[in-house]
Amino acid sequence: MTLNIFNMEECLREGRTILSNIKDCIDLESVRSILYASVTGIQYESFGQNRNRCTDHQKIIIRDCSRAFRALLSRRSDSLVGFSVTQVLWDLSRGIDRSDLSEAFYAEIIHLFRGLKGLANSSEPDESTMTGLKGREAAVARSNELDRIWGKIEHVMSRYHDGFSEDAVSRRNERRGHILEKTRGSENDWNNWHWQVKNIITDSDRLSSMVNLNESEFEAVKKAVAARLPFGVTPYYASLMDNDPEKGRDMAIRAQVIPTPYYVEKMAAHGDNRAAAFDFMLEADTSPVDLVTRRYPAIVILKPFNTCPQICVYCQRNWEIDQAMAPGSMAGKKKIEEACKWIEDHPSIKEVLVTGGDPLAMSDRAIESILERLSLIRHVEMIRIGSRTPVTLPMRITAKFAEMLGKFRKPGIRDICVVTHIEHVYEVTPELVTAVELLKRQGIGVYNQHVFTFHVSRRFEASALRRLLRKCGIDPYYTFAPKAKEETDEYRVPLARILQEQKEESRLMPGTRRTDEPVYNVPGLGKNYLRALQHRDLISILPDGSRVYEFHPWEKNIIKRDSYLGSDIPILTYLSRLRSIGENPDDYSSIWYYF
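Residues numbered from 1 in each chain as written. Predicted model: local features only at pLDDT ≥ 70, side-chain atom pairs only at ≥ 80, totals over all residues. Heavy atoms only, no water.

(A) How the structure looks around the overall build of the protein chain. In terms of regular secondary structure, the protein chain is built from 25 helices and 12 strands. A compact globule built from 595 residues should have a C-alpha radius of gyration of about 25 Å, and the protein chain, at 26 Å, falls within 12% of that. Each principal axis of the C-alpha distribution contributes one length, and for the protein chain these read about 75 × 55 × 55 Å. Taken over 595 residues, the protein chain has a buried fraction of 56%. Put simply, 75% of the contacts in the protein chain that link residues at least 6 apart link residues at least 24 apart. Within the protein chain, one finds 83 positive and 82 negative side-chain charges whose respective centroids are separated by 4 Å. (Helix = DSSP H or I, 4+ residues; strand = E, 2+ residues; numbered from the N terminus. Rg over C-alpha atoms; globule rule 2.2 N^0.38 Å. Buried < 20%, exposed > 50% of the residue type's maximum accessible area, 1.4 Å probe, protein only. Contact = heavy atoms within 4.5 Å. Lys, Arg positive; Asp, Glu negative; His and termini not counted. Charge placed at Lys NZ, Arg CZ, Asp CG, Glu CD.)

Quick look at the structure:
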């Protein structure tokens with residue numbers, strides 16, 4: 001499970017044919033011209049009739065590497081980023097020392113060179129067993145081939161424990177008993193969502209009395225609370241954490257709520273200036289009236305409740321939430337009415353996403369009042385509720401509450417749905433499924449948005465979740481790239497990994513199990529669809545190995561808007577982290593060739 005050594009010597013060796021052509025150039029423009037012609041010529045030759053030794057698989061990798069390489073060479077890229085890959089290649093060809101370049105940078109360039117030579121992977125994909133066969137014989141061979149493929153998938157998925165297994169239920173029952181003992185609660189209390197909220201865990205000492213924490217986790221929570229960073233865990237969610245965390249079953253669950261030392265340091269450094277420092281999505285610039293955010297023509301966000309029963313570490317709005325269930329988080333009636341009146345005055349708005357904070361942590365009457373007001377707006381065709389309570393507080397969804405939500409459905413006139421946020425199969429419990437079923441019996445659709453963090457990014461980990469969600473009646477809706485917020489760098493994965501997952505893992509699932517769309521949220525603009533290459537361009541690679549993308553506005557052919565530059569997590573950094581948790585980086589080797 002070792003990663004290769006990537007350095008200047010290896011880069012010169014892999015690229016010697018291309019780099020030798022630019023060694024004696026007299027200016028940078030000559031370098032660009034020669035490199036551009038060289039990589040284009042390689043692509044042209046690979047698709048020519050005289051390149052029979054090149055397999056179809058290799059040809060596609062050569063094509064993609066050639067396209068990526070040309071993008072790195074443009075003057076515009078140099079100007080936008082303030083860094084020139086072309087200059088670096090010229091310097092390397094002349095033996096000029098570039099001490100600013102990291103191993104991760106060299107890894108990117110070396111893999112481009114290898115890709116251009118048709119040496120992208122250490123081994124080709126398995127050969128098909130259908131070669132030369134026709135008719136039923138070919139069909140049987142193909143069926144057997146697909147059985148073998150699925151067998152490998154099942155083997156990998158079996159590593160991920162879900163909350164339905166007998167062992168998981170038994171562990172959680174034991175954990176629940178321990179937490180009830182510490183809180184002096186009863187079984188009836190446990191199933192009362194008001195009791196759960198009253199007993200939210202908000203400090204390190206209390207958490208450590210209920211959850212087996214290591215020293216780093218304990219100190220991170222302690223420092224977060226001291227710095228007045230939002231922190232909170234419901235007793236129910238604490239029961240999902242194992243007594244033996246070293247086995248890794250609950251890694252994703254812990255990562256949801258227990259901050260890292262790095263996160264605490266970055267957040268605490270800005271103290272009371274969090275709004276200016278961490279409003280990544282520029283909500284201040286897209287809020288035409290208090291409580292409302294608008295980025296698209298026909299939908300708005302309404303935020304009447306500015307807190308949650310439980311705080312996700314990488315929350316988009318970590319900058320505006322003070323504490324779990326903080327007093328005074330409910331907007332006043334006047335503010336809510338002003339926001340609803342504003343929506344009413346804009347007939348182009350057809351859908352309202354009620355979120356926050358978590359709106360389902362409000363009282364039944366408060367939610368009902370807001371939904372009643374929105375239902376009076378004739379042009380609102382859909383009310384969407386964004387909530388993580390089915391995961392963190394499933395007992396909040398009672399039969400009576402679900403019936404109340406359901407009454408706002410008027411088929412043919414107005415629909416209502418719930419979008420939740422389930423990260424991992426280990427979060428999917430009988431309690432969650434019961435909550436979802438109560439909603440669905442009222443005709444309320446339930447969808448999931450999945451944030452593709454490092455902690456859920458192993459091979460087929462996301463596919464295992466999608467598969468289980470559909471068995472529970474939940475539709476996969478979005479897969480979000482973690483937002484490029486500095487304080488949550490440890491949660492981010494390269495975009496290449498998301499693209500790899502979609503192509504090599506999600507694509508192998510039945511269609512209804514892969515209905516989610518992978519997206520990157522662009523500040524101030526909204527969702528950029530990652531599956532479609534025309535929505536972004538790779539334009540540079542920084543010295544630290546970060547790829548730089550230019551994301552195009554969703555409305556680029558509708559209205560003139562500036563694009564957005566975003567830098568990614570270095571692929572080598574990501575693979576090194578995978579190795580540190582026991583993954584084999586070789587299993588992800590094709591990641592370098594997703595751009």
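(B) Fine view of the packing of aromatic side chains. For the coordinates displayed, the defined rule picks out 14 aromatic pairs. When the ring of tyrosine 314 is compared with that of tyrosine 491, the centres are 5.4 Å apart and the planes differ by 55 degrees; the resulting orientation is tilted. Of this pair, tyrosine 314 sits in the loop between β2 (299-305) and α18 (333-344) while tyrosine 491 sits in the loop between β7 (475-480) and α24 (495-504), and the two are 177 residues apart along the sequence. No difference in accessibility class separates tyrosine 314 from tyrosine 491, as the two residues are buried. With centroids separated by 5.9 Å and ring planes inclined at 85 degrees, the aromatic side chains of phenylalanine 454 and tyrosine 574 adopt a geometry described as edge-to-face. Of this pair, phenylalanine 454 sits in the loop between β6 (445-451) and α23 (461-471) while tyrosine 574 sits in helix α25 (residues 571-580), and the two are 120 residues apart along the sequence. Judged by its relative accessible area of 1%, tyrosine 574 is buried. Among the aromatic residues, ring-to-ring pairing joins Tyr447, Tyr477, Tyr478 and Phe480 into one connected group. Positioned above the aromatic ring of tryptophan 90, the side-chain terminus of arginine 94 is 3.8 Å from the ring centre. Stacked on the ring of tyrosine 588, the Lys or Arg arginine 459 has its end atom at 5.4 Å from the ring centre. (Phe/Tyr/Trp six-rings, centres within 6.5 Å; stacked < 30°, edge-to-face > 60°. Lys NZ or Arg CZ within 6 Å of the ring centre and 35° of its normal.)

(C) Unusual backbone geometry, seen in detail. In this model, glycine 356 is joined to glycine 357 through a cis peptide bond whose omega is 20 degrees. Along the chain, the position of glycine 357 falls in the loop between β3 (351-356) and α19 (364-375). One non-glycine residue, arginine 184, adopts positive backbone phi at about 60 degrees. In this fold, arginine 184 is placed in the loop between α9 (166-183) and α10 (187-190).

(D) Spotlight on the pattern of salt bridges. Under the criterion given, the structure shown has 52 salt bridges. A salt bridge links glutamate 14 to arginine 13, with the nearest nitrogen and oxygen atoms 3.2 Å apart. Here arginine 13 falls in the partly exposed class, since its relative accessible area comes to 43%. Three or more residues joined by partner-sharing salt bridges are found here, namely Glu10, Arg13, Glu14, Arg114 and Lys117. (Salt bridge = Lys/Arg side-chain N within 4 Å of Asp/Glu carboxyl O.)

(E) Region of the structure containing the environment of glutamate 14. Mapped onto the elements of the fold, glutamate 14 is located in helix α1 (residues 8-14). The sequence separation of glutamate 14 and aspartate 364 amounts to 350 residues, and the corresponding C-alpha distance is 65 Å. With near-sequence residues (within four places) excluded, glutamate 14 lies in contact with Ile110, Phe113, Arg114 and Lys117. Side-chain polar atoms of glutamate 14 contact the side chain of arginine 114, separated by 3.0 Å. (Polar contact = N/O pair within 3.5 Å; in protein donor to acceptor, adjacent residues only side chain to side chain.)

(F) Examining the nonpolar core more closely. Counting residues in each nonpolar core, the largest one holds 90 residues, and the members touching the most others are Leu302, Ile343, Val352, Leu374 and Leu405. If near-sequence neighbours (up to four positions away) are discounted, valine 352 is found in contact with Val300, Leu302, Ile343, Leu374, Val380, Met382, Ile383 and Arg384. Counting 68 residues, the second-largest nonpolar core is a separate cluster that includes Leu101, Leu538, Ile571 and Phe595. (Core = buried A, V, L, I, M, F, W, Y, C linked by side-chain atoms within 4.5 Å.)

(G) Representation of the environment of asparagine 144 in the model. Along the chain, asparagine 144 falls in helix α8 (residues 135-157). For the pair asparagine 144 and methionine 130, spaced 14 residues apart in the sequence, the C-alpha separation amounts to 10.0 Å.

(H) Summary view of the pairing of strand β8 (residues 517-522). Of all six residues in β8, five are buried, a share of seventy percent or more. Bridging between β7 and β8 involves three bridges; their strand directions are parallel. Within the sheet, the bridge partner assigned to threonine 479 lies in β8 and is proline 518. A crossover connection joins β7 to the parallel β8 through α24; in handedness this β-α-β unit is right-handed. Linking β8 to strand β9 (residues 526-529), which pair antiparallel, is a turn of three residues; within it glycine 524 sits at a positive phi near 75 degrees. (Pairing = 2+ DSSP bridges. Right-handed = clockwise from strand over helix to strand, strands pointing away.)

(I) Broad picture of the sheet that holds strand β10 (residues 536-541). Taken in spatial order, the three strands make up an open sheet running β10-β11-β12, and their pairing is antiparallel. The strands lining the two open edges of the sheet, one partner per strand, are β10 and β12 (564-567). Sheet twist, expressed as the average angle between the axes of neighbouring strands with direction ignored, equals 25 degrees. (Axes fitted to C-alpha atoms, helices over the stretch in contact; angles between N-to-C directions.)

(J) Summary view of the environment of tyrosine 574. Taking the C-alpha atoms as reference, tyrosine 574 lies 6.5 Å from valine 493; in sequence the two are 81 residues apart. Polar side-chain contacts of tyrosine 574 include one of 2.7 Å to the side chain of serine 457.

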